[in-house]
Amino acid sequence: MKVNGESLRSIWRDNGSKTVKIIDQRYLPHSLEIIDLNSLNDFCEAISEMKVRGAPLIGITAAYAIADSMQKDSSDSNLENSCNSLSKTRPTAMNLFWAINFIKENLYKINSDIRADKASKLADQLAAEDIQKNKAIGQEGFKIIADISEKKNKETVNILTHCNAGWLATVDWGTALSPIFRANREGLKVHVWVDETRPRNQGGLTAWELANEGINHTMIVDNSGGHLMQRGMVDAVIVGSDRTTSAGDVCNKIGTYLKALAAKDNNIPFYAALPSSTIDWNIQNGLNDIPIENRSSKEIDHISGLDMDGRLETLRIYSESVKSLNPAFDVTPSKFVTGIITEKGIYDPNEEALRQAFGKK
Ligand code: MRU
């Protein structure tokens, strides 16, 4: 997508180079910092400290991490150790485990002397597929927005989104934002209510992406959504997902569930947009079976932003004696989900529809 009119992706390698580059998302929207990842430790830290984030991007970063590690030592033991270290970086995003398993299975089958080359090609392949899948999600989800636009006589369609499920959370295009980017490029009038998404304020990333694409948007605090829905100011909610069960329970950024409840009460469609790599085919019940990451209380009791002189500062906002709990994700049961927008189409959130769509027995 575009940044200051130039195309950019969230992770890439320059032509002919093996060095992986990422945008360090901790500094956005204030400053665009591009860094190199040069070791397994660099990659693991980038994921766990959220220099890169968003389920699809976490998966692709892990794929490049294995490729990088194989260049240095392509033995079985290093393959195993690299995959183990990456698996411990963040527990919830399915795409991380999906990518690790895919690369690992393919590399174990072949001789160690050709693993580095194969791993590199597989990582590029997964990155290219991620872009294609997210673009396709945009085409599918566009139909929903176009339909609402028709019903409103082409008046502005108001979409509420939570967290950042735009191109920064994937290699390119994004999931929940992909239909919105597409609708805007097709000339539909859209406006996005951007949930701030405390504690890490991923809404700032969403607003930055939308501004760069010239899409009308308004930042709101996380508690505003229900109020806006009650007043007819939201036509649809579209969110991403970190892990969706085979029965259609959607795990996403903390606070998503409350948006789904409010949407249900107000008869507003609630969609989750995700590539099939986010679906965990081994589990059905999201509440019981999805591991929910608990992150540091520092994310709650500290806040970063620019001071009056434009310098990035981090401030403590509660006293040290305040205890806090920071679950990073919640689960929206399938009964609150109107549909799941995937690269293959939009499906009902149930086992039969999803298994049939993706040929999973
Ligand atoms: O903790 P984060 O920022 O990695 O969480 C990201 C989300 O919850 C996104 O909504 C999800 O990964 C879908 S991204 C396409």
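What counts and how
- As a convention, each chain's residues are numbered from 1 in the sequence order in which they are written.
- Predicted model: local features are reported for residues with pLDDT of at least 70 only, side-chain atom pairs are reported and counted for 80 or more only, and whole-chain, interface and lining totals are derived from all residues.
- Hydrogen atoms and water are omitted, and side-chain values are computed over all heavy atoms in the structure.
- Strands here mean DSSP runs of E at least two residues long; helices mean DSSP runs of H or I at least four residues long; both are numbered from the N terminus.
- Side-chain atoms within 4.5 Å are what join buried Ala, Val, Leu, Ile, Met, Phe, Trp, Tyr and Cys residues into a set we call a nonpolar core.
- Exposure classes here rest on a 1.4 Å probe applied to the protein chains alone. A residue is buried below 20% of its type maximum, exposed above 50%, and partly exposed in between.
- Here, two residues are considered to be in contact whenever any of their heavy atoms come within 4.5 Å of each other.
- Residue proximity to a molecule or strand is established when one non-hydrogen atom of the residue lies within 4 Å of it.
- Throughout this description, a polar contact denotes any pair of N or O atoms lying within 3.5 Å of each other; where both atoms belong to protein, one of them has to be capable of donating a hydrogen while the other can accept it, and for residues adjacent in sequence the pair is counted only when both atoms sit in side chains.
- Only the protein chains shown count as cover for residues, and all accessible areas are computed by the Shrake-Rupley method using a 1.4 Å probe.
- Under this grouping Gly is polar, as are all residues other than the nonpolar Ala, Val, Leu, Ile, Met, Phe, Trp, Tyr, Cys and Pro and the charged Asp, Glu, Lys and Arg.
- Put simply, a salt bridge is a Lys or Arg side-chain nitrogen that is within 4 Å of an Asp or Glu carboxyl oxygen.
- Working convention: axes come from line fits to C-alpha atoms, limited for helices to the stretch in contact. Angles between N-to-C directions cover 0 to 180 degrees.
- Roughly parallel here means an angle under 35 degrees, roughly antiparallel means over 145, roughly perpendicular means 65 to 115, and every remaining angle is called oblique.
- Any pair of Phe, Tyr and Trp rings, taking the six-membered ring for Trp, is counted once the centres come within 6.5 Å. Such a pair is stacked with planes under 30 degrees apart, edge-to-face with planes over 60 apart, and tilted for the rest.
- A ring is scored as having a charge over it whenever the NZ atom of a lysine or the CZ atom of an arginine sits within 6 Å of its centre and within 35 degrees of its normal.

Peer 1: Help me understand unusual backbone geometry in this model?
Peer 2: Here L28 and P29 are connected by a cis peptide whose omega angle stands at 5 degrees. Residue P199 is bonded to the preceding R198 through a cis peptide linkage, with omega at 10 degrees. Considering the arrangement of structural elements, one finds P199 in the loop between β7 (190-195) and α7 (203-212). The phi torsion at M50 lies on the positive side, around 65 degrees, for a residue other than glycine. Tracing the backbone through its elements, the reader meets M50 in the loop between α1 (40-48) and α2 (55-72).

Peer 1: Quick question: what am I supposed to make of the nonpolar core here?
Peer 2: One recurring pattern in soluble globular proteins: nonpolar side chains tend to sit buried together. Core analysis: the largest hydrophobic core is formed by 72 residues, its most contacted members being W167 and I180. A total of twelve residues in this core trace back to one element, the largest contributor, which is helix α5 (residues 115-151). Not counting residues up to four positions away in its chain, the partners in contact with W167 are M1, V3, L8, R9, S10, I23, D172, W173, G174, F181, W208 and E209. Counting 25 residues, the second largest nonpolar core, distinct from the first, contains V234, I279, W281 and A357.

Peer 1: Sorry if this is basic, but what is going on with the site of the ligand here?
Peer 2: Near the ligand there are 19 residues, and of these R53, Q202, D242, N252 and K253 occur at the shortest range. Within the contact set of the ligand, an oxygen atom lies 2.8 Å away from a side-chain nitrogen or oxygen of R90. One of the side-chain nitrogen or oxygen atoms of Q202 is found 2.8 Å away from an oxygen atom of the ligand. Relative to its unbound accessible surface of 420 Å², the ligand loses 100% to contact with the protein. Mapped onto the shell around the ligand, the elements with two or more residues apiece are α2 and β11 (250-253). When its residues are assigned to classes, the shell around the ligand shows seven nonpolar, eight polar and four charged.

Peer 1: It is not clear to me how the pattern of salt bridges should be interpreted in this structure. Could you clarify?
Peer 2: As a working rule, side chains carrying opposite charge can pair if their charged atoms are close by. Applying the stated criterion to the full structure yields 24 salt bridges. Among the salt bridges present, the one from K154 reaches E150, with a minimum N-O distance of 2.5 Å. A relative accessible area of 46% places K154 in the partly exposed class. Relative accessible area serves as the criterion here: at 49%, E150 is assigned to the partly exposed category.

Peer 1: I tried to follow the packing of α1 against α2 on my own but got confused; where do I start?
Peer 2: Any two packed helices are characterised by the angle at which their axes cross and by the distance between the axes. Their axes nearest at 9 Å, the elements α1 and α2 cross at an angle of 170 degrees. In terms of orientation, α1 and α2 fall into the roughly antiparallel class. Every residue of α2 that contacts α1 at L40, F43 and I47 is listed here: I58, T61, A62, Y64, A65 and D68. Within the contact of α1 with α2, the residues separate by chemical class into seven nonpolar, one polar and one charged.

Peer 1: Even after reading the chapter, I still don't get the packing of aromatic side chains, so can you show me in this structure?
Peer 2: For any pair of aromatic rings, the description rests on two quantities: the centre-to-centre distance and the angle between the ring planes. Taken as a whole and assessed by the stated rule, the structure comprises five aromatic pairs. Measuring from centroid to centroid gives 6.0 Å for W167 and W208, while their planes differ by 40 degrees, and the two rings are tilted. Linking W167 in the loop between β6 (157-161) and α6 (178-185) with W208 in helix α7, this pair joins segments that are 41 residues apart in sequence. For the pair formed by W167 and W208, the shared burial category is buried. Between the aromatic rings of W281 and F358, the centroid separation amounts to 6.0 Å while the plane-to-plane angle is 55 degrees, which identifies the pairing as tilted. Of the two residues, W281 sits in the loop between β13 (279-280) and α10 (286-289) while F358 sits in the segment after α12 (351-357), which places them 77 residues apart along the sequence. F358 shares its class with W281; the two are buried. These aromatic residues form a ring-pair network of at least three members: W281, Y347 and F358. Taking the ring centre of F142 as reference, the NZ or CZ of R182 above it sits at 5.3 Å.

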